[in-house]
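Summary of structural features
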Number of protein chains: 2
Amino acid sequence: MSLWEKNIRQVAPYVPGEQPNQPDMVKLNTNENPYPPAPRVAELAASFPADTLRLYPDPTCSTLVEALAKRYQVGADQVFVGVGSDDVLATAFMTFFNGTEPIVFPDITYSFYDVWADLFRIPYRKLALDDAFHINPRDYDAPNGGVIFPNPNAPTGIQEKKEVLEDILQHNQDVIVIIDEAYIDFAEETSALQLLGKYENLLVVQTFSKSRSMAGMRIGFAIGSSKLIKAMQDVKYSYNSYTMNAASLYMGAAAVEDEAYFQETVEKIRQTREEAKMRLAELGFTFPDSQTNFLFAAPSRIDAKELFEQLRARNIYVRYFNQPRTCDYLRITIGTPEEMERLYQAIAEIQR
Amino acid sequence: MSLWEKNIRQVAPYVPGEQPNQPDMVKLNTNENPYPPAPRVAELAASFPADTLRLYPDPTCSTLVEALAKRYQVGADQVFVGVGSDDVLATAFMTFFNGTEPIVFPDITYSFYDVWADLFRIPYRKLALDDAFHINPRDYDAPNGGVIFPNPNAPTGIQEKKEVLEDILQHNQDVIVIIDEAYIDFAEETSALQLLGKYENLLVVQTFSKSRSMAGMRIGFAIGSSKLIKAMQDVKYSYNSYTMNAASLYMGAAAVEDEAYFQETVEKIRQTREEAKMRLAELGFTFPDSQTNFLFAAPSRIDAKELFEQLRARNIYVRYFNQPRTCDYLRITIGTPEEMERLYQAIAEIQR
């Protein structure tokens, strides 16, 4: 090893889900939306003034920030935008988790939390979900350096009720509490945004990658008190003043403004999900009650890994996590009704 | 102060240059390119398949990486791409500068270096340029935790000769040496890329924001040994797997592929720069010999700050740094010949 290698940061990098690109594939492995973005996004793309790309984008991202502030009825100084919710969450980790006490999050959760903690050398402790994959709020009463959890959770799809969130917030008023709502738009219970008025230390993070069909443009956002947002802006301006490109800013704002299309496509996905619950139950699967755009479903007639591989051989991609508490499950993204039909038929054939 | 505020990361955020948007303004303050991106970029924008935005982009960024590898005659495993060179440089700081010795860079240089060092808590030492704003390579002989400098330098515009670079590399083989070549395409001497074969610890960083007219799409890249690039990829995958959006990947690759347009516009800017040297000398300015798309020029007939403000009042924006060794200078981006003519006339009027 060369001497210069000794100061390289040691990380165990996150391995992103595979991004296959096969003709006629059914891609249900990364929780993408099966429907295109709002029609205005395509119009804006077609008329995009490429000449203006010679200029830096607006570092304050005001077009997009103001569209979000209007949609969510908060001040523009309460909105932070970034390159997908991963960028927003990573910035939040760097900004808020600088104590000596460990931060806490569930043992089964978004697999990036411990990766960021390792990257930024933040101590952390994982708190086990109960056997039904629910959070026990009592676990969150001990002193800690911060709290983060997704709601609805991934990959379980379970949403905790507002009382659980408030319980955790009540007992964690001296640290920052981040609720990662990547899947909230598909859920029954409303967003934790309604709690912002009561908790200045609450940060709610959402994304355009699922309900708004814009994973390809990389847009995420956080909403919180102006103090929290200011602290994140300061860190952002110390890292990269221009994270958001001009196209994402304009297209993102357009996507937010088309509320009718948003509601329509989200409702279609919810209906397909409820149908999927029935169909997969008939095929012998068990699963927690998903409030997201995916099902975390355990087959009973075949080994989960075996099914994963056999589906893959048929060009149907779902996600499999080879981990102790999750190895009996597949995470299946909700696609179009037609894609789901192909999935059910393939499972039926494989299980025959 | 609430208790939760105590763990917020303390930073002195970088203040980005103002981004005015006035009708009929002459914007020569942030070193943007006055010409539009390659024509194929506009074509791609117009035909961009917005439907595909529902999918995550390729996390390996292969379209863009391969276009760059071909253009610069290196392996695809030697290319890292990011959200502007700021993202690439910040990732490099996080990846490579983890020692206890201070990293070193010039006292007059890109103003983000100390901001990143502060953000990531990296010790650093600034080494004074000589009175003619040149690097003394002997200053770089002492033990350090890494070396970074821009070449050509900003805001001076000065390019150090290849012998100086080799001298510094010869004496710093146990640390990573980053040469930030944001302005290299406008320079006489060729890129440090030619030294990559000799120094596995050399990282060369470039950007699409200047010579390739794509500041608005946020694309930067680094080229180095596959070991360095792998280490940066690992950190990237620990931060945000999908930093590059689908549009930037395709448009960026198209911009790289149009070599003729690139050479033509770069040559136009070089010619305008040489003309500007004559015209500003006639107006009483002195300046180092710029090898970039800007001039770092000191007026002799008026105070620099006064001139900055008077130009601003006429809707002509240049950059002024109110710092000890740079407060007598303006940094003037090279615009179109027409924009420069407006600048010369305004200066003549103000000085009359």
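1. Focus: the pattern of salt bridges
In the structure shown here, the tally under the stated rule is 42 salt bridges over all chains. Close ionic contact of Lys27(B) with Glu32(B) constitutes a salt bridge, the shortest N to O distance being 2.7 Å. The buried category is assigned to Lys27(B), whose relative accessible area is 11%. Each member of the salt-bridge network shares a partner with another, and the members are Arg273(A), Glu274(A), Lys277(A) and Asp289(A).

2. Looking at the confidence of the model for chain A
Close inspection of predicted coordinates is inappropriate for parts of the model with low pLDDT. Looking at chain A, the pLDDT average stands at 96 and 100% of residues meet or exceed 70. Among the prediction metrics, the complex's ipTM stands at 0.96, with pTM recorded as 0.97.

3. Focus: the nonpolar core
Ranked by size, the top nonpolar core spans 186 residues in total, and within it Leu311(A), Leu343(A), Leu311(B) and Leu343(B) carry the most contacts. For Leu343(A), the contacting residues outside a window of four places in its chain are Leu28(A), Leu311(A), Ile316(A), Val318(A) and Ile332(A). The next biggest cluster of nonpolar side chains, apart from the first, holds 68 residues, and it includes Ala117(A), Trp4(B), Phe105(B) and Met232(B).

4. What about the interface of chain B and chain A?
Taken together, the 85 residues of chain B in the interface contact 85 residues of chain A. When the two sides are added together, the surface that chain B and chain A hide from each other amounts to roughly 6,900 Å², 60% of it contributed by carbon and sulfur. At the boundary of chain B with chain A, the tally comes to 2 salt bridges. Close ionic contact of Glu5(B) with Lys227(A) constitutes a salt bridge, the shortest N to O distance being 3.1 Å. At the surface where chain B touches chain A, the tally comes to 40 residue pairs in polar contact (both at pLDDT 80 or more). Looking at the side of chain B that touches chain A residue by residue, the class counts come to 48 nonpolar, 21 polar and 16 charged.

5. Here we look at unusual backbone geometry
Between Ala154(A) and Pro155(A) the backbone carries a cis peptide bond, its omega angle lying at 5°. In this structure, Pro155(A) sits in the loop between β5 (147-150) and α5 (162-170). Backbone geometry at Arg121(B) places phi at a positive 55°, although glycine is not the residue there. Position of Arg121(B) relative to the elements: it lies in the loop between α4 (113-119) and β4 (124-127).

6. Let's talk about the environment of Tyr237(A)
Turning to its location among the elements, Tyr237(A) is positioned in helix α6 (residues 226-237). Along the backbone, Tyr237(A) and Thr60(A) are 177 residues apart, and their C-alpha atoms lie at a distance of 9.9 Å. Excluding its chain neighbours within four sequence positions, the residues that come into contact with Tyr237(A) are Pro59(A), Thr60(A), Pro13(B), Tyr14(B), Pro16(B), Phe112(B) and Val115(B). At 3.4 Å, the side chain of Tyr237(A) forms a polar contact with the backbone oxygen of Pro59(A).

7. Some details on the pairing of β4(B)
Residue and element names in this part refer to chain B. Across 4 bridges, the pairing between strand β3 (residues 103-106) and β4 is parallel. Bridging from a neighbouring strand, Val-104 pairs with Arg-125 of β4. Taken together, β3, α4 and β4 constitute a β-α-β crossover, and its handedness is right-handed.

Rules and cut-offs
Residues numbered from 1 in each chain as written. Chains lettered and ligands numbered in written order. Predicted model: local features only at pLDDT ≥ 70, side-chain atom pairs only at ≥ 80, totals over all residues. Heavy atoms only, no water. Salt bridge = Lys/Arg side-chain N within 4 Å of Asp/Glu carboxyl O. Buried < 20%, exposed > 50% of the residue type's maximum accessible area, 1.4 Å probe, protein only. pLDDT = per-residue confidence, 0-100. Core = buried A, V, L, I, M, F, W, Y, C linked by side-chain atoms within 4.5 Å. Contact = heavy atoms within 4.5 Å. Buried area = accessible area lost by both parts, 1.4 Å probe. Polar contact = N/O pair within 3.5 Å; in protein donor to acceptor, adjacent residues only side chain to side chain. Nonpolar A, V, L, I, M, F, W, Y, C, P; charged D, E, K, R; others polar. Helix = DSSP H or I, 4+ residues; strand = E, 2+ residues; numbered from the N terminus. Pairing = 2+ DSSP bridges. Right-handed = clockwise from strand over helix to strand, strands pointing away.

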